[in-house]
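Observations on the model geometry
Below, each chain spelled out in residue letters.
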Amino acid sequence: MKTLWNILVVDDEEAMCESMAAWLREDGYKVDTAFSGRQAVELAREKSYAICFMDLKMPGGMDGIETMMELRRLNPDTAVIIITAYATVDTAIAAMKEGAQEYMVKPCNPEEISLLVERIIKVKRLQRENELLRKRLLRQYEFRDIITKNARMQDILALTKEIASLRSTVLIRGESGTGKELIARAIHFSGDRASRPFVSVSCAALAETLLESELFGYEKGAFTGAAAQTKGKFELANGGTLFLDEIGDISPKLQGDLLRVLQERRFYRVGGSEEVPVDVRVVAATHRDLREAVRQGHFREDLYYRLNVIEIFLPPLRERREDIPLLTEHLIERIGNEVGKDITGVTDGAMRILMDHHWPGNVRELENAIERAIVTCRGSILTEDDFAFLAESVRARSQWVLPPNMTLQELEKQAIVATLDRTQGNIKEAAAVLGIDRSTLYEKIKKYEIPR
Amino acid sequence: MSRLYVAAVGDVSQANLALALECVEQEFQLPVVGLPAIAEPPGAFDERRAQYRAVDFLLAVVRSSPGDGKVVALTERDIFIPMLTFLFGQAQLGGVAALVSAARLRQEFYGLPADAAVFRRRLRTEVLHEGGHAFGLIHCPDRSCAMSLATSIQQLDLKQDAFCAGCRRALAERIREFRGNEI
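Note that the structure is predicted; figures quoted are calculated from it, not measured. (Residues numbered from 1 in each chain as written. Chains lettered and ligands numbered in written order. Predicted model: local features only at pLDDT ≥ 70, side-chain atom pairs only at ≥ 80, totals over all residues.)

1. Thoughts on the overall build of chain A
Put simply, the rule is: Put simply, DSSP H or I for four residues or longer makes a helix, DSSP E for two residues or longer makes a strand, and each gets a number counted from the N terminus. Exposed residues have 12 or fewer other C-beta atoms within 10 Å of their own C-beta, buried residues have 20 or more, and partly exposed residues fall in between, where C-beta atoms are placed from the backbone. Contact between two residues is assigned whenever their backbone-derived C-beta positions fall within 7 Å.
A count of helices and strands for chain A gives 19 helices and 14 strands. The 452 residues of chain A split such that 36% are buried. Sequence-distant contacts in chain A: of pairs separated by 6 or more residues, those separated by 24 or more amount to 70%.

2. Brief notes about the sheet that holds strand 4 (residues 79-84) of chain A
All names here are of chain A. The condition is simple: When DSSP locates at least two bridges between a pair of strands, those strands are taken to pair. To get an axis, fit a line to the C-alpha atoms, keeping to the stretch in contact for a helix; angles then go from 0 to 180 degrees between the N-to-C directions.
Strand order across the open sheet formed by five strands is 2-1-3-4-5, with parallel pairing between neighbours. On the outer flanks of this sheet lie strand 2 (30-34) and strand 5 (102-105), each paired with one strand and no other. Between one strand axis and the next, the sheet turns by 20° as a mean value, whatever way the strands run. The pairing of strand 1 (residues 6-10) with strand 3 (residues 51-55) spans four bridges and is classified as parallel. For Ile7, the partnering residue across the bridge sits in strand 3 and is Ile51.

3. Thoughts on unusual backbone geometry
Residue and element names in this part refer to chain A. Each neighbour pair has its own omega, and for Lys106 with Pro107 the value is 5°, a cis peptide bond. Structurally, Pro107 can be placed in the loop between strand 5 and helix 5 (110-139). A positive phi is found at Arg265, a non-glycine position, where the angle reads about 55°. Tracing the backbone shows Arg265 in the loop between helix 10 (252-264) and strand 9 (266-268).

4. Let's talk about the pairing of strand 1 of chain A
Consecutive side chains along a regular strand alternate between the two faces of the sheet. Formally: A crossover gets the label right-handed when its path from the first strand over the helix to the second runs clockwise, viewed with the strands pointing away from the viewer.
In terms of burial, strand 1 of chain A is a largely internal element, four of the five residues being buried. Of the crossover connections in this fold, the one passing from strand 1 of chain A over helix 1 (residues 14-25) of chain A to the parallel strand 2 of chain A is right-handed.

5. Observations concerning the environment of A:Gly349
All names here are of chain A. Note that Gly349 resides in helix 14 (residues 348-356). Judged by the 11 C-beta atoms lying within 10 Å of it, Gly349 is exposed. Sequence-wise, Gly349 and Leu382 are 33 residues apart; in three dimensions their C-alpha atoms are separated by 9.6 Å.

6. Side note on the sheet that holds strand 12 (residues 310-314) of chain A
All names here are of chain A. Across the sheet, which stays open at both edges, the five strands sit in the order 7-8-11-6-12 with parallel pairing between neighbours. Edge positions in the open sheet fall to strand 7 (198-202) and strand 12, since each of these has one partner strand only. Pairwise comparison of adjacent strand axes, ignoring direction, gives a mean angle of 20° for this sheet. As judged from the five bridges shared by strand 6 (residues 170-174) and strand 12, these two strands associate in the parallel manner. The residue bridging Arg173 from the neighbouring strand is Phe313, located in strand 12.

Next up, the structure:
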């Protein structure tokens, strides 16, 4: 694999250049030679070099340090090793200051050079590997993974790209399971902050005091059990993006605290007296109509306007049915790989069921349905039988008789209690069965005061 | 006919030349012919370093090549390239000439008592190494293979005077090509 790496040897003495190049070629590297700084720069414009051996003193206008600066401007990743016959502390310092990786006095011990080249290549290989893994990770959140041909969704994706590198707060609205967090991640990972952290907090999952310390961190001794100073999500997300899911559920006090951070970009840790500055882009999400919550006095108007600088409304799946075949294909491929089953597609009958279903839990419900069908199916194509549970649930719904004098809220509470009972309190499972996400379930448990 | 030649640059003992010739014949499986000694190129000696320029020596070998094969040459001189303090040998990668210096292969160079067996083993290893380069082989990661890089006598002594299975296969392929080219 050594041939992947290009090395450049720059020296005005041809014998020095060529003999060094020949020695390195025996090690399997691709080596070019240049007899002047200018020639080196020309070569570096065409090709990127992993390592450059550069003579310090060269006639003809450009010396080693000048050439190195130009090479590093063309390709900052090139490791430059400055070689000189006459070492002085001043030139060594100057070379290192301008970014030389090493400074060597010729003639060099072959062992020393061999180890140095090996060490640099090893680091470069790790960097390349890291970059590849990072790209693979980023790809999970790239736009191409948001599968859609729906015009409204396409507009949303275009907007998402445009605003990715801004600092403005974004408010994402949409029903549970429409992919609010996916959009938030897409904004983060396609903008300037992609290399910085993306931190996600579900505001519905935690009680007010817990959420406060979760967001802002706490000082040692701030409360019982606060054994050491702890960073909150705002600090952890510094330089990056903080995703606040179910923002509509936070208490009036936290609304005030949040407004202060958004306005002043600084906050106090719980129990702290020192202000902590922070550079965080906030992306908030809610399934609630916040404008209505403001009108009813449940949500601060100033915070609403602060959050709602850019608003994205994600349509429910039933309003973008044309995406169902595409999503199905994508999910089958992904989940099939995950569970190790080679599923090639769905029958026409099964697709009809999927197209006709109401999908109250949106894409997440579709994902769960496909996962369930893949796990239980026997063949390599998902059939109507594999999705029979969807039809049954529809039938069960239509045959079910509503008890008299029951409010919608009581009905919802009963459904949650029954499901939690069936899943023996397993939130993840219950949320999947109910077709809502975990944070929504937590929020409803809190709202209906369901004992757990 | 594709041949391998063995030659001395300057004074080299008959015994060492015979050793190199035997080793080349055995490992490269080609007809080997001894060439008359090649004169040391004038001006190759660097007074400041008290060493000889490897490139000048290698060019002298190229100039003396009969043109129908590759030449593995031996010298007793301590050789160098400007960038490095010393070399055990140098070759044109996939080219005509390979050069091995015996100067640093002797125990005496390191202040130790002479050991003919150790010297012979080292010489064989380096002849194979530089000869392998002349056939286009690059350094092998297997530390015990003759084609691995040795930048010190300790590393050289870790090597065997034989190619590893992978290098042997690659060499056989190159030798086939070499024979094909010459027909």
